[in-house]
Amino acid sequence: MKFSVVITTYNRLNLLKRAIASALNQTIPCEVVVADDCSSDETENYVKSLGNSIVYHRNTVNQGHAATVNAGVEKASGEWIKFLDDDDYLAPNCLEEMAKAISLHPTAVICSCIAAQVDSNGVEISRTPKFGTGLALSIPQADIHYGMLLELVPFGTPVQVACSRNAFLQSGGWDSQLDANCDDIDSWIRIAQFGDAIFLNQSLAYRTIWPGAYNQKFSLFKRLETNILMKEKIYAFIDQKHRSHVPKLENTKNYLILHWSIVALKQRQLKVFFSMVYPAIFSPMAWWMLLTAVVSRRLNRSNSRLQKLVLGTRG
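A few points on the structure. This is a predicted model, so every value here is computed, not measured. (Residues numbered from 1 in each chain as written. Predicted model: local features only at pLDDT ≥ 70, side-chain atom pairs only at ≥ 80, totals over all residues. Heavy atoms only, no water.)

Here the focus is the packing of aromatic side chains. Taken as a whole and assessed by the stated rule, the structure comprises 10 aromatic pairs. Aromatic side chains Phe83 and Trp174 sit 5.9 Å apart centroid to centroid with 35 degrees between the ring planes, which places their arrangement in the tilted category. Taken as a pair, Phe83 in strand E4 (residues 80-85) and Trp174 in the loop between helix H6 (165-171) and helix H7 (183-191) lie far apart in primary sequence, 91 residues in all. Arranged with centres 4.7 Å apart and planes meeting at 10 degrees, the rings of Tyr89 and Tyr206 form a pair that is stacked. Of this pair, Tyr89 sits in strand E5 (residues 89-90) while Tyr206 sits in strand E10 (residues 196-208), and the two are 117 residues apart along the sequence. Residue Tyr89 is classed as buried on the basis of its relative accessible area of 14%. The class of Tyr206 is partly exposed, set by a relative accessible area of 26%. Cluster of aromatic residues (ring-pair linked, three or more members): Phe83, Phe168, Trp174 and Trp188. (Phe/Tyr/Trp six-rings, centres within 6.5 Å; stacked < 30°, edge-to-face > 60°. Helix = DSSP H or I, 4+ residues; strand = E, 2+ residues; numbered from the N terminus. Buried < 20%, exposed > 50% of the residue type's maximum accessible area, 1.4 Å probe, protein only.)

A cluster of nonpolar side chains, Tyr278, Ile281, Phe282 and Trp287, forms an exposed patch at the surface whose accessible area comes to about 490 Å². Tracing the backbone shows Trp287 in helix H11 (residues 284-298). Classification of Trp287 by relative accessible area gives partly exposed; the value is 38%. (Patch = residues over 30% accessible without salt bridge, like charges linked within 9 Å, V, L, I, M, F, W, Y side chains within 5 Å. Areas by Shrake-Rupley, 256 points an atom, 1.4 Å probe, with all protein chains shown as cover. Salt bridge = Lys/Arg side-chain N within 4 Å of Asp/Glu carboxyl O.)

Negative phi values dominate among residues other than glycine, just as trans dominates among peptide bonds. Here the amide bond leading from Tyr278 into Pro279 is cis, since omega sits at 0 degrees, within 30 degrees of zero. When you line up the elements, Pro279 lands in the loop between helix H10 (270-277) and H11. Backbone geometry places Cys182, a non-glycine residue, at a positive phi of 75 degrees. If you check the backbone angles, Arg268 has positive phi at about 60 degrees while not being a glycine. You can call Arg268 exposed: its relative accessible area is 75%.

Grouped together as the largest cluster of nonpolar side chains are 37 residues, with contacts concentrated most on Phe83, Ile110, Phe155, Phe168, Trp188 and Ile191. Looking at this core element by element, the count peaks at 4 residues for helix H5 (residues 141-149). Beyond its immediate chain neighbours, meaning those up to four positions away, Ile110 contacts Trp80, Phe155, Val161, Ala162, Cys163, Trp188, Ile191, Asp196, Ala197 and Ile198. Listed in part, the 32 residues of the second largest apolar core include Ile54, Leu84, Cys113 and Ala162. (Core = buried A, V, L, I, M, F, W, Y, C linked by side-chain atoms within 4.5 Å. Contact = heavy atoms within 4.5 Å.)

Axis separation between H7 and helix H8 (residues 220-237) bottoms out at 10 Å; the angle between their running directions is 5 degrees. In terms of axis orientation, H7 runs roughly parallel to H8. Within the contact between the two elements, H7 uses Ile185, Asp186, Ile189 and Arg190 and H8 uses Met230, Lys233, Ile234 and Phe237. Partitioned by chemical class, the residues of the contact of H7 with H8 number 5 nonpolar, no polar and 3 charged. (Axes fitted to C-alpha atoms, helices over the stretch in contact; angles between N-to-C directions. Parallel < 35°, antiparallel > 145°, perpendicular 65-115°, else oblique. Nonpolar A, V, L, I, M, F, W, Y, C, P; charged D, E, K, R; others polar.)

Let us look at the pairing of strand E2 (residues 31-36). Taken across its 6 residues, E2 has 6 buried, putting it largely inside the fold. In E2, alternate side chains face the same way, and those of Glu31, Val33 and Ala35 on one face and Val32, Val34 and Asp36 on the other are all buried. You can see the chain leave strand E1 (residues 3-9), run along helix H1 (residues 13-24) and come back into E2, and the turn it takes is right-handed. As paired elements, E2 and strand E3 (residues 55-58) share 4 bridges and run parallel to each other. (Right-handed = clockwise from strand over helix to strand, strands pointing away. Pairing = 2+ DSSP bridges.)

Applying the stated criterion across every chain yields a total of 14 salt bridges. The partner of Arg12 in a salt bridge is Asp86, and the shortest N-O contact between them spans 2.8 Å. Residue Arg12 is found in the loop between E1 and H1, and its partner Asp86 is found in the loop between E4 and E5; the two are separated by 74 residues along the sequence. Take Arg12: its relative accessible area is 31%, and that puts it in the partly exposed class. Here Glu44 makes a salt bridge to Lys48, at a shortest N to O gap of 2.7 Å. Of this pair, Glu44 and Lys48 are both found in helix H2 (residues 43-49), 4 residues apart, which corresponds to roughly one turn of the helix. Salt bridges sharing common partners tie together Asp36, Glu44, Lys48 and Arg58.

Relative to the helices and strands, Asn181 resides in the loop between H6 and H7. The exposure class of Asn181 is buried, given its relative accessible area of 6%. Ignoring any residue separated from it by four or fewer positions in sequence, one finds Asn181 in contact with Phe218, Lys222, Arg223 and Thr226.

Dropping the structure here:
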């Protein structure tokens, strides 16, 4: 099994160097692809100075993150793609641990792990939640989208995820129209239609958390709108065996409205809160779904009994 680490970058050479080093220092051999969104700094010169150890692609014009991911995957030759943004980095054994799990479950098309979330100085702030118990769990394809709908299946951000290159290409790649607003989640939804999922309860990646990050610049209304769009896409892929007990789409929409209304309230955006919350505030089912989600998060989504009941998760 060959991995390609696809690193996307734009004008952040100081961070890119760390990401490249983390890929080159993996405990198993891999291909490293740098996809450059037409940087105007010294990125091109630096990457080319590394010689044949790096496959380099440079967009002729700035095309955005999603298009750059797609270009990097096109250049890659590995059977599996490990995504990596230039401000994130990998633990040395990331690919080795993923490869072990995938070799035991050849029907998998997507694999995720825990990430340590670090500040700009590399100091750990928190870690993403565990999923169930044990070092690794698999979820049958028929259960993935239902689990995503109930927010019990946390694939996470690109630094946590690897996928089959064939499944990526079959899914159509990343959607540039989403403009870094859930373009990764949208991709996981579509990739998961082609096979099973694996989750590793090991911290194998590092995600940098920035104050004022790009995705935080979207308005709460825009983020709500995109969240609803993702749920609608998930509904379309839910397996027939779960259809009889899937929450109505309207209830799910109201739950999301409540969630983002509370975010607005916490941020003291009272005008946004009052204009957003009605009429979802009067939906008992939406409140129940919100309460369930809050409890699940506080349990770090590690309630394996619930996951087995809902998803039929296999260890």
